[in-house]
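Here's the letter readout for the chains.
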Amino acid sequence: MILNRQGAEFEYEGVTYTIGGAIVSTAESEYQGLYGRITAIYDGKDKETENETPDIYCEFDPPVMPHEIKALEKTFSDLYDQPKTLDDIVLDMVIMAPEMIRPLDDLHTVRKKVPIYIVMEDWAVNGEHGNFCELFTDYDDAKRIMMDKLREELDSGAIPQWSDSGAYVADTSKDSYKGYIEGDYMDNHYEISILPQPLTMSTQHIQKVGRLYKAQCRTEDFISQIEEWEEVAAMSATQYQKLITNSAIPERIEQQLGHNDHYWEAYWESVSEAAHDLVQQALAQPDCFTPEADNPYPLCIGSGKPECADCCLYVHTKGEGGYES
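Note that the structure is predicted; figures quoted are calculated from it, not measured. (Residues numbered from 1 in each chain as written. Predicted model: local features only at pLDDT ≥ 70, side-chain atom pairs only at ≥ 80, totals over all residues. Heavy atoms only, no water.)

## Topic: the overall build of the protein chain
And then number 1: Each helix and strand in the protein chain was counted, giving eight helices and 13 strands.
And then number 2: For a compact globule of 325 residues, the expected C-alpha radius of gyration is about 20 Å, and the protein chain comes in at 30 Å, more than 25% above that figure.
And then number 3: Projected onto the principal axes, the alpha-carbon positions of the protein chain cover approximately 85 × 70 × 70 Å.
And then number 4: For the protein chain, the proportion of its 325 residues judged to be buried stands at 26%.
And then number 5: Of all intrachain contacts in the protein chain linking residues separated by at least 6 positions in sequence, the fraction that spans at least 24 positions is 50%.
And then number 6: With an accessible surface of roughly 22600 Å², the protein chain has 52% of that area assigned to carbon and sulfur atoms.
And then number 7: One way to put it: in the protein chain the 25 positive side-chain charges average out to a point 2 Å from where the 61 negative ones average out. (Helix = DSSP H or I, 4+ residues; strand = E, 2+ residues; numbered from the N terminus. Rg over C-alpha atoms; globule rule 2.2 N^0.38 Å. Buried < 20%, exposed > 50% of the residue type's maximum accessible area, 1.4 Å probe, protein only. Contact = heavy atoms within 4.5 Å. Areas by Shrake-Rupley, 256 points an atom, 1.4 Å probe, with all protein chains shown as cover. Lys, Arg positive; Asp, Glu negative; His and termini not counted. Charge placed at Lys NZ, Arg CZ, Asp CG, Glu CD.)

## Structural notes on the pattern of salt bridges
And then number 1: Applying the stated criterion to the full structure yields 10 salt bridges.
And then number 2: Across the pair Glu 59 and Arg 37 runs a salt bridge whose closest N-O atoms are separated by 3.3 Å. With Glu 59 in strand 6 (residues 55-60) and Arg 37 in strand 5 (residues 35-42), the pair connects residues that are 22 residues apart, well separated along the chain.
And then number 3: Taking the relative accessible area as the measure of exposure, Glu 59 reaches 32% and is therefore partly exposed.
And then number 4: A salt bridge links Asp 46 to Lys 45; its shortest N-O distance comes to 3.9 Å. (Salt bridge = Lys/Arg side-chain N within 4 Å of Asp/Glu carboxyl O.)

## Details of the packing of helix 4 (residues 203-226) against helix 6 (residues 237-244)
For any two helices packed against each other, the geometry comes down to the angle between their axes and how far apart the axes lie.
And then number 1: Axis separation between helix 4 and helix 6 bottoms out at 10 Å; the angle between their running directions is 140°. Accordingly, the angle class assigned to the pair helix 4 and helix 6 is oblique. Residues Thr 219, Phe 222, Ile 223 and Ile 226 of helix 4 lie in contact with helix 6, whose contacting residues are Tyr 240, Leu 243 and Ile 244.
And then number 2: The residue makeup of the contact of helix 4 with helix 6, split by class, is six nonpolar, one polar and no charged. (Axes fitted to C-alpha atoms, helices over the stretch in contact; angles between N-to-C directions. Parallel < 35°, antiparallel > 145°, perpendicular 65-115°, else oblique. Nonpolar A, V, L, I, M, F, W, Y, C, P; charged D, E, K, R; others polar.)

## Quick notes on the environment of Glu 265
And then number 1: Among the structural elements, Glu 265 can be located in helix 8 (residues 261-284).
And then number 2: Through-space distance from the C-alpha of Glu 265 to that of Ser 173 is 55 Å; in sequence the pair is 92 residues apart.

## As for unusual backbone geometry
And then number 1: One non-glycine residue, Asp 81, adopts positive backbone phi at about 60°.
And then number 2: Asp 81 sits in the exposed class, given a relative accessible area of 72%.
And then number 3: Despite not being glycine, Met 93 has its phi angle at roughly 55°, a positive value.
And then number 4: Mapped onto the fold, Met 93 is located in the loop between helix 1 (66-80) and strand 7 (94-96).

## Considerations on the side chain of Glu 292
And then number 1: With respect to the secondary-structure elements, Glu 292 resides in the segment after helix 8.
And then number 2: Take Glu 292: its relative accessible area is 18%, and that puts it in the buried class.
And then number 3: Within the structure, Glu 292 has its side chain in polar contact with the backbone nitrogen of Leu 299 (distance 2.7 Å). (Polar contact = N/O pair within 3.5 Å; in protein donor to acceptor, adjacent residues only side chain to side chain.)

This is the structure in structure tokens:
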């Protein structure tokens, strides 16, 4: 079997490899850390190697960082027992085994994005410079840190001394403070601000965060279950603290759920019921329907067309059914 059509997929041991799909080489390969793409996959009698695994043909982008180039040249020099430069190393039509590469999602179509808030602080006092940067997923957390740092600077930093000079200038906004001595900004200034930015998350990161949240919920459920038990009340404070901080709690609960057929029957029955409702709901909606966000029973937010106002599915439809504008 030969696959070389762009977009064609091949699954091996639960992993999907796509022709043209982005990859990174793993530590199992001499090309470790290089990024590239799959160009073809040969399997069965069409393989060129005697490996038990399929032959995955890859094209790698040449490294651009000097230390990466040096490391790759050393790897191949040691491999062939003679000096090798980047120009001597084959980067296209490289046959890789599945464990030598890791497929990467398409950054623009698959990755999820969430807003983060960066607290950025920069200062200079009499020519001495420094800076600070911290990231938050919650705006209020970022604002609280910004206010704490600014309050400390206003109370015991250089700003009170600058203010007495008569040349101090302060520019402020909702999420920023900029203070400096006029004419001497480079050597005497203090700035702090919140910079919102989108964070692109990989599937692995989302899974990790999901596992952390699930573990937290499992532990909280465990504590709520045992907190009124007589045997728990008889524990010492040290024993109780060790019990509720046991990292094995989430996994033990997962194991019990895995053995609970009634739980999984109820789960899949609920999935089926919800699926039937959503399918029927989708069939009843016109192609132009654009649902509200964060509403399990959404109305349509409309498309700006005049006929939207008379549609019974429009969120601000005239008469009964919609919300008041």
